[in-house]
Amino acid sequence: SGKPQTTTASSAMLAMLRDLKATLDQAIAAALFPRAAKLKRADLEDEEAHLEDRARRGAERRICCATDLFLQMRRLYANAKTRLDANVEQWRRSLVNQFVEVEWEKNDWYLAKIIAYDNLAKQHRLFYKTTEL
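Residues numbered from 1 in each chain as written. Predicted model: local features only at pLDDT ≥ 70, side-chain atom pairs only at ≥ 80, totals over all residues. Heavy atoms only, no water.

1. Let's talk about the sheet that holds strand E1 (residues 99-105)
Line of reasoning, step 1. On the basis of which strands lie adjacent, the open sheet formed by three strands has the order E1-E2-E3 and antiparallel pairing. Strands at the two margins of the open sheet, each flanked by one partner only, are E1 and strand E3 (123-128). Put simply, the sheet's adjacent strands are angled 55 degrees from each other on average, direction ignored.
Line of reasoning, step 2. One ladder, built from six bridges, connects E1 with strand E2 (residues 108-118); its direction is antiparallel. Directly across from Phe99, in E2, lies its bridge partner Lys113. (Pairing = 2+ DSSP bridges. Helix = DSSP H or I, 4+ residues; strand = E, 2+ residues; numbered from the N terminus. Axes fitted to C-alpha atoms, helices over the stretch in contact; angles between N-to-C directions.)

This is the structure we're talking about:
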């Protein structure tokens, strides 16, 4: 006998919820309908055009922001690359008058002094001291 009462109570509650939903739907429709009835078709088209314009302007702002960020990142990259290249060139020039060991063939090492650096060719000039006559 417990189940029929639960089913009946559930059915009654479900019916109440449906009635409440219908009442709320009517209230919402009544609140919105007068406004919609007052709006003319031209007003609706103007509102639609206004919303489209706002969306387009928002998209344009996002594109401008993305473009600005891209240009900013490109400037930062160019700046960092310039500084890195300058540091590499400074390091290459600092090797002048230093001694290095150069491998000519497998396990065939020769001692050499770096006597110059050519910026254009990006090459060092070496002086080898040999003991051979």
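What follows continues from the structure just given.
2. Some thoughts on the packing of aromatic side chains
Line of reasoning, step 1. Under the definition given, this model contains two aromatic pairs.
Line of reasoning, step 2. In this structure an aromatic cluster arises from ring pairing among Trp104, Tyr110 and Tyr128. (Phe/Tyr/Trp six-rings, centres within 6.5 Å; stacked < 30°, edge-to-face > 60°.)

Shape is all these values report; function is a separate question.
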